[in-house]
Structure formats: structure tokens, C-alpha cells
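# Inside the fold
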Amino acid sequence: NQVADLRREVDILIKSGVKIEKVIVSPMTRTLQTAWGTFGGYNIPFQACHLVSEYCDAPCNYGTKKSQLEGAWPQVDFTVVPEIWWNEEETDVTITVRAKRFREWLFKQPEKCLAIVSHAGFLHELLQEQFRNCELKRINWIHRSRRQARGH
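Residues numbered from 1 in each chain as written. Predicted model: local features only at pLDDT ≥ 70, side-chain atom pairs only at ≥ 80, totals over all residues. Heavy atoms only, no water.

Take the environment of cysteine 56 next. Counting through the fold element by element, cysteine 56 comes out in the loop between strand E2 (46-48) and helix H3 (66-72). Ignoring anything within four residues of it in the chain, the contact list for cysteine 56 reads Asn61, Tyr62, Trp86, Asn87, Glu88 and Glu90. (Helix = DSSP H or I, 4+ residues; strand = E, 2+ residues; numbered from the N terminus. Contact = heavy atoms within 4.5 Å.)

The following block contains the structure:
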């Protein structure tokens, strides 16, 4: 099972001293299931963020209304997610804009170590890297303004 394998990788990471401060997760049911199967049971808050959802190019990538998700996933904070959060008319341009908006949102977060549970299509747009299903990658990503503040 891919989620069980990912959970073992995360267990090793956490036991090595990595302190994940928050899990950012796409509000798509399949990613909520993956995130909970991977990080559930640790004392880590979960926050849904519609900006990291999959490229909405087919009905299987359409979402579920926020109010329904909140009832099914009470352990997840859906504060930043609109009631209808997916874009059935998504294009290459809109996903590029969404990735940019996520980067901007991400760098405003106070936490330094976040786990992001998203989708290969979105992550490719965000990072220009390929991802396999349930693949764990550690990314050291320092925002330009933080780097400048440190004199780098």
C-alpha cells in the first residue's frame, strides 16, 4: 500500500528529528485520505488549501463543496477554502497563476517546516519537477525576501 509506505518514510523522518509544524493538504478527498493516512496520529495540525489542488482538467479532478468536506473531515481546518473551490475551466495559464498565488501564500505562513500533500500536476507546475504517486521529497525553499534579510 502506497500510503503505508509513505507513512513509514514519514515515521523515519520524524524520528530523525524533523519537526513538521503543519500539514497543508489539497481539499480533494483522495489527498485528504493520503494526508491523514500519512500524518494522522501525530500532533500536527492539518490545513486544507485549495491552491494546491490538482489541475482541473477532467471531472475526476472536480472537488467537493467545502461544507461537505468540513463534516467529513472535522480534524482539518478549511478556513481558507471557498465553498466552491475548483475551476472546471482551468487552463495552463490559470494553474500557473494558482501556483504563483500558492507560493505567495506559503511564504506568509509563520511555520518553517510544512508538509504539503498535493498532486503531481500541480507540484510539477509549482516546482518544475516530476512526482510519482505518494512520493516524499524534501524541499529547502527559502523565499527571496528571507534570503535577503539574512544577507545571502
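A word on helix H2 (residues 29-39). Listing the buried residues of H2 in full gives Thr31, Leu32, Thr34, Ala35, Thr38 and Phe39. The arc enclosing the buried residues of H2, seen along the axis, measures out at 165°, which places them on a common side. Turning to H2, the residues buried within the fold contact helix H1 (2-15), strand E1 (22-25), E2, H3, strand E3 (76-77) and strand E4 (114-117). Phi for glycine 41, located one or two positions after H2, is positive at around 100°. (Buried < 20%, exposed > 50% of the residue type's maximum accessible area, 1.4 Å probe, protein only. Arc of directions from axis to C-beta.)

Time to look at the confidence of the model for the protein chain. For the protein chain, per-residue confidence averages 88 on the pLDDT scale, and 93% of positions sit at 70 or higher. Ignoring residues within four places in sequence, the model shows residues 144-152, a span with pLDDT below 50, making five contacts including any to other chains. (pLDDT = per-residue confidence, 0-100.)

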